[in-house]
Amino acid sequence: MVQVRGWEGTSYLIINASTGDIHSLLGIPIISKDLKRFAVASIDLEAGYVPNRIAIYQFIDNSIKKECFKDYTASGPSGVKWINNTVITFVENFSKNGG
């Protein structure tokens, strides 16, 4: 994994050493207990440089597949934790000025 820092945000690249495939993520991947999935949350309630999003990815046959995601407009996710192999929990944060 490579961290990419820009003037107005950070992203992360996962590079497959076997295939050279590159996947860009908006947050640090939080890996499930069975090592088959990972979750990524991004939040920027003030400036809006990155989407307020949570996404779940799955490792399949030496590749990565996005299983699902949810975008937020007036709130954003943080503090992602895996409860078990298929369930996550996270905190929904709201802007101090109400959105």
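These figures come from a predicted structure and were not determined experimentally.

Draft legend 1. How the structure looks around the packing of aromatic side chains. Scanning the model with the defined rule gives three aromatic pairs in all. Relative to tyrosine 57, the ring of phenylalanine 38 has its centre 4.9 Å away and its plane inclined at 10°; by these criteria the two rings are stacked. On the criterion of sequence distance, the pair formed by phenylalanine 38 in strand E5 (residues 37-42) and tyrosine 57 in strand E6 (residues 52-60) is long-range, its members being 19 residues apart. For the pair phenylalanine 38 and tyrosine 57, a shared accessibility class is recorded, and that class is buried. With a centroid separation of 6.4 Å and 75° between ring planes, the pair formed by tyrosine 72 and phenylalanine 90 is classed as edge-to-face. Here tyrosine 72, found in strand E7 (residues 63-72), pairs with phenylalanine 90, found in strand E9 (residues 88-94); they are 18 residues apart in sequence, far enough to count as distant. Owing to a relative accessible area of 13%, tyrosine 72 belongs among the buried residues under this scheme.

Draft legend 2. Geometry of the sheet that holds strand E3 (residues 22-25). The sheet built from three strands is open, its strands ordered E1-E2-E3 with antiparallel pairing. Whereas interior strands pair on both sides, the edge strands pair on one side only; in this sheet they are strand E1 (2-6) and E3. Between one strand axis and the next, the sheet turns through 25° on average, direction left out of account. Looking at chain direction, strand E2 (residues 9-15) and E3 are connected through four bridges and run antiparallel. Within E3, the position partnered with isoleucine 15 by the bridge is isoleucine 22.

Draft legend 3. Representation of the environment of glutamate 92. Positionally, glutamate 92 belongs in strand E9. Linking glutamate 92 and proline 29, residues 63 residues apart in sequence, is a C-alpha distance of 18 Å. Ignoring any residue separated from it by four or fewer positions in sequence, one finds glutamate 92 in contact with Tyr72, Ser75 and Gly76. Among the polar contacts made by the side chain of glutamate 92, one reaches the side chain of serine 75 at a distance of 2.6 Å.

The rules we used
Each chain carries its own residue numbering, running from 1 in the direction its sequence is written. Where totals are concerned, whole chains, interfaces and linings use all residues; where local detail is concerned, this predicted model gives features only for residues with pLDDT of at least 70, and gives and counts side-chain atom pairs only at 80 or more. By convention in this description, side-chain values take in all heavy atoms of the structure and omit both hydrogens and water. Planes of paired rings set the category: under 30 degrees apart is stacked, over 60 is edge-to-face and the rest tilted, where pairs are Phe, Tyr or Trp rings (Trp by its six-membered ring) whose centres lie within 6.5 Å. Here a strand is any run of E in DSSP of at least two residues, a helix any run of H or I of at least four, and the numbering for each starts at the N terminus. Relative accessibility thresholds used throughout: buried, under 20% of the residue-type maximum; exposed, over 50%; partly exposed, between the two (1.4 Å probe, protein chains only). Whether two strands pair depends on DSSP finding at least two bridges between them. Helix axes use the C-alpha atoms of the stretch in contact, all axes being lines fitted to C-alpha atoms, and the angles between their N-to-C directions lie in the range 0 to 180 degrees. Whether two residues are in contact is decided by their heavy atoms: any pair within 4.5 Å suffices. Definition of a polar contact: a pair of N or O atoms within 3.5 Å, with one able to donate and the other able to accept a hydrogen when the atoms are protein atoms, and with sequence-neighbouring residues admitted only if both atoms are side-chain atoms.

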